[in-house]
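Examination of the molecular architecture
One letter stands for each residue in the lines below.
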Amino acid sequence: MAKSVSPDKGKSILTYRDEKIGTEWQRSAFDQLSAIIMEACPTAKASIKWAQPIWESAEGSMIYMRSAAKHLTLGFWRGAEIEDATGILEGDGERMKHLKFKSLEEIDIALVEGFVRQAVALNAQKGDPTKGK
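Throughout what follows, the structure given in this document is the object of discussion. (Residues numbered from 1 in each chain as written. Predicted model: local features only at pLDDT ≥ 70, side-chain atom pairs only at ≥ 80, totals over all residues. Heavy atoms only, no water.)

1. Points about the overall build of the chain
When helices and strands are counted, the chain shows three helices and five strands. Going residue by residue from the N terminus, the α and β elements of the chain occur as α-α-β-β-β-β-β-α. In terms of its C-alpha atoms, the chain occupies a principal-axis envelope of roughly 40 × 40 × 30 Å. Sequence-distant contacts in the chain: of pairs separated by 6 or more residues, those separated by 24 or more amount to 53%. For the chain, the exposed surface amounts to about 7500 Å²; the carbon and sulfur share of it is 52%. (Helix = DSSP H or I, 4+ residues; strand = E, 2+ residues; numbered from the N terminus. Contact = heavy atoms within 4.5 Å. Areas by Shrake-Rupley, 256 points an atom, 1.4 Å probe, with all protein chains shown as cover.)

2. Some points on the sheet that holds strand S1 (residues 45–49)
Pairing in this open sheet of five strands is antiparallel, and the strands run S1-S2-S3-S4-S5 from one edge to the other. The two strands at the open ends of the sheet, each matched to only one other strand, are S1 and strand S5 (97–101). In this sheet, neighbouring strand axes are inclined to one another by 25 degrees on average, regardless of whether the strands run parallel or antiparallel. Bridge count for strand S4 (residues 72–76) against S5 is five bridges, and the pairing is antiparallel. Within S5, the residue paired with Phe76 across the bridge is Lys97. Strands in contact with helix H2 (residues 24–40) are strand S2 (52–57), strand S3 (60–67), S4 and S5; relative to S4, the strand with the most contacts, it is inclined by about 25 degrees. (Pairing = 2+ DSSP bridges. Axes fitted to C-alpha atoms, helices over the stretch in contact; angles between N-to-C directions.)

3. With respect to the pairing of S2
Counting buried positions along S2 yields six of six residues, so the element is predominantly enclosed. As paired strands, S1 and S2 are joined by five bridges and run antiparallel to one another. Paired with Ile48 across the strands is Pro53, a residue of S2. The hairpin formed by S1 and S2 contains two residues between the paired strands, and Trp50 there has a positive phi angle of roughly 55 degrees. (Buried < 20%, exposed > 50% of the residue type's maximum accessible area, 1.4 Å probe, protein only.)

4. With respect to the packing of aromatic side chains
If you walk through the whole model with that rule in mind, you get four aromatic pairs. The interplanar angle of 50 degrees and the centroid separation of 6.2 Å between the aromatic rings of Phe30 and Trp55 together place this pair among those described as tilted. Of the two residues, Phe30 sits in helix H2 while Trp55 sits in strand S2, which places them 25 residues apart along the sequence. Each member of the pair, Phe30 as well as Trp55, carries the same accessibility label: buried. (Phe/Tyr/Trp six-rings, centres within 6.5 Å; stacked < 30°, edge-to-face > 60°.)

5. Brief notes about helix H3 (residues 109–126)
When the terminal C-alpha atoms of H3 are compared, their 26 Å separation across 18 residues agrees well with the 26 Å that a helix rising 1.5 Å per residue should span. Within H3, burial applies to Val112, Phe115, Val116, Ala119, Leu122 and Asn123. Along the axis of H3, the buried positions cluster into a sector of 125 degrees, meaning they face one direction only. Facing away from the buried side of H3 by over 90 degrees, the exposed positions are Ala110, Ala124 and Gln125. For H3, the secondary structure elements touched by its buried residues are H2, S2, S3, S4 and S5. Structurally, the start of H3 carries an N-cap: the backbone nitrogen of Ala110 is 3.2 Å from a side-chain oxygen of Asp108. Gly127 sits one or two residues past H3 and shows a positive phi near 90 degrees. (Expected span 1.5 Å × (residues − 1). Arc of directions from axis to C-beta. Polar contact = N/O pair within 3.5 Å; in protein donor to acceptor, adjacent residues only side chain to side chain.)

Written out as structure tokens, the structure reads:
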């Protein structure tokens, strides 16, 4: 049986944003969050994997983003390991946690940047989280 290939494979994250993210505030939030990620980790590689934008460090996947009708989700593969004194990270899984933004004004740049830096450090320490590490 032939392996199926995502129709979004090979697209840039900006093309994905323009085609898949529904509202203007979500596209603006996507751009702002993308900029925060790249500021915190200039060597991150952005691509489309698993039908969503993914940011990877040299050690593997660390952050994803996806949109829904009324929010934008920014997720962390090692989110359960990220120190979160605010308790803002959501998710019941053993590994992943995420933030849900319902408006552009909800984005706390310093907080998101701190989470991104932790995600980078955790990958550097533990390796690729998609490989069971």
